[in-house]
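# Understanding the architecture of this molecule
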Amino acid sequence: MELGSILGSGWASGLNLYGVVTLLGIAGRMDWINTPPGLQQWWVIAIAGFLFSIEFVADKVPVVDSVWDTVHTFVRPIGAAALAMVMAGEQPTAQKLLIALGSGSLALTSHGAKATTRLAANTSPEPFSNIGLSLFEDGLVVAMMWFVAKAPVAAGIIAVVLAILCVLIVWRLWRFAKKLFRRRDNKSVTAAA
């Protein structure tokens, strides 16, 4: 597979690894994209689809989504790296490792933005922001996978640009959270005095 397809799949895996594997498997079986035979096996698609359905529901429930994201902090980047190794095919081992590292890193950026955004959304008492964010993320995964299949070079470029945006989102959210904690601590000290 082309490098752009691998990088696009890696970034999307940070949002929903199981959805990416399911879509790649189905697209390969339908001859829409040339995917490794291992991804096209019915049992791989079935297991990934089952896990996707669990994630689809868990991702819409406040607090449950953050617990799910915490567990997947390790699963998504490692899964994206493993997926990249499979998708890299017959490349030399050193090249495959670099591609896997890049794909896993892209997954970590999108996962980090997703997890921190969801954590911030969970401070709101209403459940609709979680549902909206989750559906938006699902749409991003489908859109990225369309680019992976139809415009691999664009998928790679988009993945890198989105990864940079994700790093900025995480950075801004952490700065905002630190300000809130400082403000709260200052109020606690003032109230105690």
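The paragraphs below set out a description of the structure included in this document. (Residues numbered from 1 in each chain as written. Predicted model: local features only at pLDDT ≥ 70, side-chain atom pairs only at ≥ 80, totals over all residues. Heavy atoms only, no water.)

This brings us to the packing of helix α1 (residues 3-29) against helix α5 (residues 128-150). It is at 9 Å that the axes of α1 and α5 come closest, and there the two elements cross at 120°. Relative to α5, α1 is oriented oblique. The handedness of the crossing between α1 and α5 comes out as left-handed. Across the interface between the two elements, Ser-5, Gly-8, Ser-9, Trp-11, Ala-12, Leu-15, Asn-16, Val-20, Leu-23 and Leu-24 from α1 touch Glu-137, Asp-138, Leu-140, Val-141, Val-142, Met-144, Met-145 and Val-148 from α5. Of the residues belonging to the contact of α1 with α5, the class tally is twelve nonpolar, four polar and two charged. (Axes fitted to C-alpha atoms, helices over the stretch in contact; angles between N-to-C directions. Helix = DSSP H or I, 4+ residues; strand = E, 2+ residues; numbered from the N terminus. Parallel < 35°, antiparallel > 145°, perpendicular 65-115°, else oblique. Left-handed = near helix turned anticlockwise from the far one by under 90°. Contact = heavy atoms within 4.5 Å. Nonpolar A, V, L, I, M, F, W, Y, C, P; charged D, E, K, R; others polar.)

Now for the packing of aromatic side chains. Inspection of the entire model under this criterion finds two aromatic pairs. Geometrically, the ring pair formed by Phe-52 and Phe-56 is tilted, given 6.0 Å between the ring centres and 50° between the ring planes. Highlighted residues: Phe-52 and Phe-56, both in helix α2 (residues 42-58), separated by four residues, approximately one helical turn. Judged by its relative accessible area of 28%, Phe-52 falls in the partly exposed class. Taking 5.1 Å as the distance between ring centres and 85° as the angle between the ring planes, the aromatic pair formed by Trp-146 and Phe-147 counts as edge-to-face. The exposure class assigned to Phe-147 is partly exposed, which follows from its relative accessible area of 27%. The aromatic ring of Phe-56 is capped on one face by Lys-60, whose charged end is 3.5 Å from the ring centroid. (Phe/Tyr/Trp six-rings, centres within 6.5 Å; stacked < 30°, edge-to-face > 60°. Buried < 20%, exposed > 50% of the residue type's maximum accessible area, 1.4 Å probe, protein only. Lys NZ or Arg CZ within 6 Å of the ring centre and 35° of its normal.)

Our focus in this paragraph is a positive patch on the surface. A grouping of Arg-172, Arg-175, Lys-178, Lys-179, Arg-182 and Arg-183 is seen on the molecular surface, where their side chains present a positively charged patch. Here Arg-183 lies in helix α6 (residues 152-192). (Patch = residues over 30% accessible without salt bridge, like charges linked within 9 Å, V, L, I, M, F, W, Y side chains within 5 Å. Areas by Shrake-Rupley, 256 points an atom, 1.4 Å probe, with all protein chains shown as cover. Salt bridge = Lys/Arg side-chain N within 4 Å of Asp/Glu carboxyl O. Lys, Arg positive; Asp, Glu negative; His and termini not counted. Charge placed at Lys NZ, Arg CZ, Asp CG, Glu CD.)

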